[in-house]
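Reading the structure
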Amino acid sequence: SYNQGLFLEETIVSVLSQEGDFYINYIIADGGSKDNSVEIIKKYDEILKKNQFPIKCKGVEFQWWSRKDNGTTAAINEGFTKAKGDILAWIASDDFYEPGAFNLALQEFQRDSTVALVHGDCYYYYSKNNKKLVHSIETSFDDLLNKGNVIFAPSAFFTKKSLVEVGFMDESLDYVGDLDLWLKIAKIGKVSYTPHILANFRVWENSKSVLFSDKFSKKERVQLLKRYGGRRIDPKLIYSLKSKIKLVEYIHKKIPRLYVSCKKLFYRILDTFNY
């Protein structure tokens, strides 16, 4: 959380309103906000202490702080070190969960005890009357590395056991720390996709994804490709070119079998140009 008082209350309520047979250990790491964020956090701290919020799970433990930190990833890691839960997640203070998200994620972990990471679909939320559903897909380590990040951070949940095993998030990464974490977990555990909408990723003029666009994250994506032996060609460049070539979309719609065959051949050729 940092200076997102305009949206923070919606984020907090979306966490506290989750319903199911589980406890919530909710930690807010505020980076010393100068707006009304701390006032909002204190408001819910008092409401919870007075048992005035309609809790729909087995119980909520609430903890927060507001002080300067060393950036988003460092703040998230600090929260994880203090977290008591067996299943972890983080959400930015301008995003918010869908009702039932925690229970849907929990069901996936209960269905298969070998699962280390669960992820689902997400709304790109522009306004109350303007949101776009974005589907995630079943994915693997190789898909994440070479075809781009298809796991939305607000819609991802993972075990604390797997986080500890991979050594938490890399605090040297400002823009692709989530992708690096997914890659590390995918190397040591099972990733499971649930076809449900779990969260809303807010897209607005001051969101990090808009302010610090592709030119800022490209360097870090290349760093990950080198670190894990990925392709020399940035996946985002491929998708950018694909969207500009109308023939590709025409073949995709009119001759899907040819499209699939060409896609397989294309990626097979790309695989020969790895780091």
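Every chain begins its residue count from 1, and numbering advances along the sequence as written. The predicted origin of the model limits local features to residues at a pLDDT of at least 70 and limits the giving and counting of side-chain atom pairs to 80 or more, whereas totals for whole chains, interfaces and linings rest on all residues. Remark: hydrogens and water are excluded; side-chain values derive from all non-hydrogen atoms of the structure.

This part is about the overall build of the protein. Secondary structure elements follow DSSP: runs of H or I no shorter than four residues count as helices, runs of E no shorter than two count as strands, and numbering proceeds from the N terminus. A count of helical and extended segments in the protein gives twelve helices and eight strands. Only the C-alpha atoms count toward the radius of gyration. The rule for a globule is 2.2 Å times the residue count to the power 0.38. Here the C-alpha radius of gyration of the protein, 20 Å, is about what a compact globule of 275 residues would show, namely 19 Å. When accessible area is computed with a 1.4 Å probe and restricted to protein chains, residues below 20% of their type maximum are described as buried, those above 50% as exposed, and intermediate ones as partly exposed. For the protein, the proportion of its 275 residues judged to be buried stands at 47%. Reported accessibility uses the Shrake-Rupley method at a 1.4 Å probe radius. Residues are deemed covered only where the shown protein chains occlude them. Carbon and sulfur atoms make up 53% of the accessible area of the protein, which totals about 15,300 Å². The positive count covers Lys and Arg only, the negative count covers Asp and Glu only, and His and the chain ends enter neither. Taken as the charge location is NZ of Lys, CZ of Arg, CG of Asp or CD of Glu. Of the side chains in the protein, 41 bear a positive and 34 a negative charge, and the two mean positions are spaced by 7 Å.

This brings us to the nonpolar core. To form a nonpolar core, buried Ala, Val, Leu, Ile, Met, Phe, Trp, Tyr and Cys residues must be joined to one another through side-chain atoms within 4.5 Å. Of all hydrophobic cores here, the largest spans 34 residues; its most connected members are Phe80, Trp90, Leu117, Phe158, Leu181, Trp182 and Leu183. Sorting the residues of this core by element identifies β1 (23-30), α3 (72-82), β5 (115-127), α5 (141-147), β7 (156-159), α6 (160-166), α7 (177-188) and α9 (214-228) as the ones contributing at least two each. No other element matches the six residues that α7 contributes to this core. Once residues lying within four places of it in the same chain are set aside, the contact partners of phenylalanine 80 are Leu88, Ala89, Trp90, Phe158, Lys160, Leu163, Phe168 and Met169. The criterion used for residue contact is that any of the two residues' heavy atoms lie within 4.5 Å.

What follows deals with the packing of helix α10 (residues 235-244) against helix α12 (residues 256-270). Here an axis means a line fitted to C-alpha atoms, over the contact stretch when the element is a helix, while the angle between two N-to-C directions is reported on a 0 to 180 degree scale. Where α10 contacts α12, the axes come no closer than 14 Å and their chain directions differ by 145°. Where α10 crosses over α12, the two elements pack in a sense that is right-handed. Here α10 contributes Ile238, Tyr239 and Lys242 to the contact with α12, which in turn contributes Tyr259, Phe266, Tyr267 and Leu270. Think of it as three bins: nonpolar holds Ala, Val, Leu, Ile, Met, Phe, Trp, Tyr, Cys and Pro, charged holds Asp, Glu, Lys and Arg, and polar takes everything else, Gly as well. Residues belonging to the contact of α10 with α12 are distributed by class as follows: six nonpolar, no polar and one charged. Crossing handedness is defined as follows: a turn of the near helix away from the far one that is anticlockwise and smaller than a right angle gives a left-handed crossing, while the clockwise case is right-handed.

To continue, consider unusual backbone geometry. Located in the positive-phi region is asparagine 3, a residue other than glycine, with phi close to 55°. Taking the relative accessible area as the measure of exposure, asparagine 3 reaches 29% and is therefore partly exposed.

Right, let's talk about the packing of aromatic side chains for a bit. The rule is short: rings of Phe, Tyr and Trp, with Trp giving its six-membered ring, pair when the centres are within 6.5 Å, and they are stacked under 30 degrees, edge-to-face over 60, tilted in between. In the structure shown here, the tally under the stated rule is 15 aromatic pairs. Summarising the aromatic geometry, the rings of tyrosine 97 and phenylalanine 102 are spaced 5.0 Å apart at their centres and angled 80° between planes, so their arrangement reads as edge-to-face. In textbook terms, an aromatic cluster arises when at least three aromatic residues are bridged by ring pairs, as seen for Phe22, Tyr97, Phe102 and Phe157. Ring-over charges, as used throughout, are those where CZ of Arg or NZ of Lys falls within 6 Å of the ring centre and within 35 degrees of the ring normal. If you follow lysine 82 out to its NZ or CZ, it ends over the ring of tryptophan 65, 5.8 Å from the centre. The residue whose ring lies beneath lysine 131 is tyrosine 123, and the NZ or CZ to ring-centre distance is 4.3 Å.

A few words now on the pairing of strand β6 (residues 130-134). As defined by bridge partners, β5 adjoins β6 across five bridges and the pair is classed as antiparallel. Its bridge partner lying in β6, tyrosine 124 is registered against lysine 132. Here β5 hands over to β6 after two residues, the two strands then running antiparallel side by side. In this analysis, strands are considered paired if DSSP registers two or more bridges between them.

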